[in-house]
Amino acid sequence: MRLSKLPLTTFKEVPADAEIASHQLMLRAGLIRQLASGLFTWMPIGLRVLRKVEQVVREEMDRAGAMELLMPAVQPAELWQETGRWEKYGPLLLRMHDRKNREFCFGPTHEEVITDIGRQELKSYKQLPVNYYQIQTKFRDELRPRFGLMRAREFVMKDAYSFHLDQDSLDETYALMESTYQLIFKRLGLPCKSVDADSGAIGGARSCEFHVLAESGEDALAYVDGEDFAMNVELAPAAAPDEPRANATKEMQKVETPDSRSIDQVCDKLATVPSQTVKTLLVEGEKNDLIALVLRGDHSLNSSKAEKLDGVRQPLTLADAEQIESVLGAEPGFVGPVGTKIRVVADYSAAACADFVCGANENGRHLTGVNWGRDLPEPETADLRNVVTGDKSPAGGMISIARGIEVGHIFQLGDTYSKRMNARVLDKDGREQPMLMGCYGIGVSRIVAASVEQNHDEKGIVWPSRLAPFQVALLALNAKKSAEVRSFAESLYEKFTQAGIEVLFDDRDARPGVMFADADLLGIPHQVVVGDRGLGNGIVEYRQRCSGDSREMELDGIVDYITTQIDSKD
Ligand code: ATP
Ligand code: MG
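These figures come from a predicted structure and were not determined experimentally.

> Would you take a moment to explain the overall build of the protein chain for this structure?
If you tally the helices and strands in the protein chain, you get 16 helices and 30 strands. With the C-alpha coordinates of the protein chain rotated into their principal frame, the extents come out at 95 × 70 × 55 Å. Counting all 570 residues of the protein chain, 53% fall into the buried class. Looking at the protein chain alone, contacts between residues at least 24 apart form 68% of all its contacts between residues at least 6 apart. For the protein chain, the exposed area adds up to about 26400 Å²; of that, 49% sits on carbon and sulfur atoms. Computed over 67 positive and 87 negative side-chain charges, the inter-centroid distance for the protein chain is 3 Å.

> Would you take a moment to explain the packing of helix H1 (residues 21-28) against helix H12 (residues 444-454) for this structure?
Close contact between H1 and H12 brings their axes to 8 Å; oriented N to C, the two are set at 100°. Here H1 lies roughly perpendicular to H12, going by the angle between them. From H1, Ala21, Ser22, Leu25 and Met26 reach across to H12, where they touch Val448, Ala449, Val452 and Glu453. A breakdown of the residues in the contact of H1 with H12 according to their chemical character gives six nonpolar, one polar and one charged.

> Explain the sheet that holds strand E16 (residues 343-347) to me, please; I cannot follow it from the model alone.
Whenever strands of a sheet pair, they do so through backbone hydrogen bonds, lying parallel or antiparallel. Pairing in this open sheet of four strands is mixed, and the strands run E14-E15-E16-E19 from one edge to the other. A single partner strand is all that each edge strand has here, and the edge strands are strand E14 (278-284) and strand E19 (380-382). Neighbour-to-neighbour, the strand axes of this sheet turn through a mean angle of 30°, independent of strand direction. With seven bridges connecting them, E14 and strand E15 (residues 290-296) associate as antiparallel partners.

> Can you help me understand the environment of Glu215 in this one?
The residue Glu215 is located in the loop between strand E10 (207-213) and strand E11 (219-223) in this model. By relative accessible area, Glu215 is classed as exposed at 71%. Placed 293 residues apart in sequence, Glu215 and Arg508 show a C-alpha to C-alpha distance of 38 Å.

> For this particular structure, what's the right way to read the side chain of Ser445?
Of note, Ser445 is situated in helix H12. For Ser445, a relative accessible area of 3% puts it in the buried group. Reaching out from Ser445, the side chain makes a polar contact with the backbone nitrogen of Val156 at a distance of 3.0 Å. Non-local contacts of Ser445, meaning those with residues more than four positions away in its chain, are made with Trp42, Leu50, Leu149, Phe155 and Val156.

> Is there a simple way to explain the site of ligand 1 in this structure?
Around ligand 1 sit 14 residues, and of these Arg140, Glu142, Arg151, Ala152 and Glu406 come closest. In the model, an oxygen atom of ligand 1 is placed 3.4 Å from a nitrogen or oxygen of the Gly443 main chain. Calculation on ligand 1 without its partners gives an accessible area of 580 Å², and the protein chains cover 84% of this total. Tallying contributions element by element places strand E20 (residues 400-414) first for the shell around ligand 1, with four residues.

What counts and what doesn't
- Residues numbered from 1 in each chain as written.
- Chains lettered and ligands numbered in written order.
- Predicted model: local features only at pLDDT ≥ 70, side-chain atom pairs only at ≥ 80, totals over all residues.
- Heavy atoms only, no water.
- Helix = DSSP H or I, 4+ residues; strand = E, 2+ residues; numbered from the N terminus.
- Buried < 20%, exposed > 50% of the residue type's maximum accessible area, 1.4 Å probe, protein only.
- Contact = heavy atoms within 4.5 Å.
- Areas by Shrake-Rupley, 256 points an atom, 1.4 Å probe, with all protein chains shown as cover.
- Lys, Arg positive; Asp, Glu negative; His and termini not counted.
- Charge placed at Lys NZ, Arg CZ, Asp CG, Glu CD.
- Axes fitted to C-alpha atoms, helices over the stretch in contact; angles between N-to-C directions.
- Parallel < 35°, antiparallel > 145°, perpendicular 65-115°, else oblique.
- Nonpolar A, V, L, I, M, F, W, Y, C, P; charged D, E, K, R; others polar.
- Pairing = 2+ DSSP bridges.
- Polar contact = N/O pair within 3.5 Å; in protein donor to acceptor, adjacent residues only side chain to side chain.
- Near = heavy atom within 4 Å.

What follows is the structure in structure tokens.
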């Protein structure tokens, strides 16, 4: 590709609302452009990277025997009503009407559509197992689209769905997908941690996420060094404290706390610590009621756990200030579980507190010295919180927390969808059985961003060879002034192209400083610099982006040298 033909705009400045390196660098290098919140255009050079990721994913899925298809992005509401997800999926689902007022959504995922395919196409156990996949655009109306491609609203996903007669067959494909994913991430140069998302609460369903460890990761992962325990914090169980609750030693008192709404403010005012306070969060119940979830002041609510509580509305919906005030008679900063008639569910650790502080359900007031069973009934208890560093793992070790970017997720769906949508096959004995299903997702566009997070320096992106949009950046310095530079660079461009090497030819009439800066920003692994002075001495300059090393090379050796440098084995 010739840069003289591609209007490439790059920026030196960090774009204002781009918080993380990948978002900043991809905008600065002109790889993507934002259209609206969470919507991005893949510009020509960026698109080449996306295609490289797709290619690796496609090759490995094909090798694993999966069959590529392409389902519509737009899906009829009726399918989602069959599985009950039209209601349950909530505001993430972008809903729309056609001209006949029929309801549709833009697919955030494709379980319903593939199960519909399955029930039509698959009639006998003899056709199983089968694993279908697609690489396609999804839309999720994310609450907080951010970090560019990491959490976009429209994004590219590889999603695969397998159908089976029995659990053994599902286990086999699941294991094959797990090893295929390991291979894909290895080839993409992304070291991944696989995190068990298996939880007692979801019964037999097995699930595993693949995370790139990175400070900028949105997910928190709980793991124990040296132990076989790694889980997304979303699912990691927080055990009840070992010690029994301490005895009450204080009387309950109402105190004035006019400006203390947050836990920190309350602790300052009352000279106590967050672990001696409880906070009360109100969520909507299934019966248009409100439910009070009580957590220790130093703990945070785990929405996945809360959402799984019986009677709690899915998706989890926090009550707004108006609802809270009408039910508890106070603003959110002053509410508590004492004296309320609504259902109260306390996290195990909150239920183990004695002499604690909580809101008094009166504006500007809190209660101190509160004790369960004396000042208010013993609560219903549940695991509602996120684990924190130092918590005990189920095996007994101490939990540490790392940050990760979820790039893949494999899941055993079992018969959930096939039962709801009546997707059955005949078994060996001619009996109808609901099929078992697995689903396997990879965040194709998120991977591009995750790779930049892992591979950059102060000058820009440093692509691993496998993902690089081009292998070589060919810079013709001051070509306008020198016919020799022009013709030699042209001949190199020709030779590289003929050798099947992808070259970005900087044949712009630009200052050398600009050319160097752009080549570095774009992160192309090998740079070949053709200049007047070098040519006079029979040399060109070769620069390696990742090490920053540069050296002079003889004119006729450069193409062969780079060819051997490019690792085409993987
Ligand atoms: P997350 O927890 O990050 O919201 P998820 O668990 O909802 O993701 P899945 O339904 O498992 O996502 O989707 C499969 C893959 O698609 C994820 O592992 C992730 O890599 C990618 N993905 C999901 N949501 C987004 C998004 N908003 N932007 C970019 N990629 C996404
Ligand atoms: Mg997931």
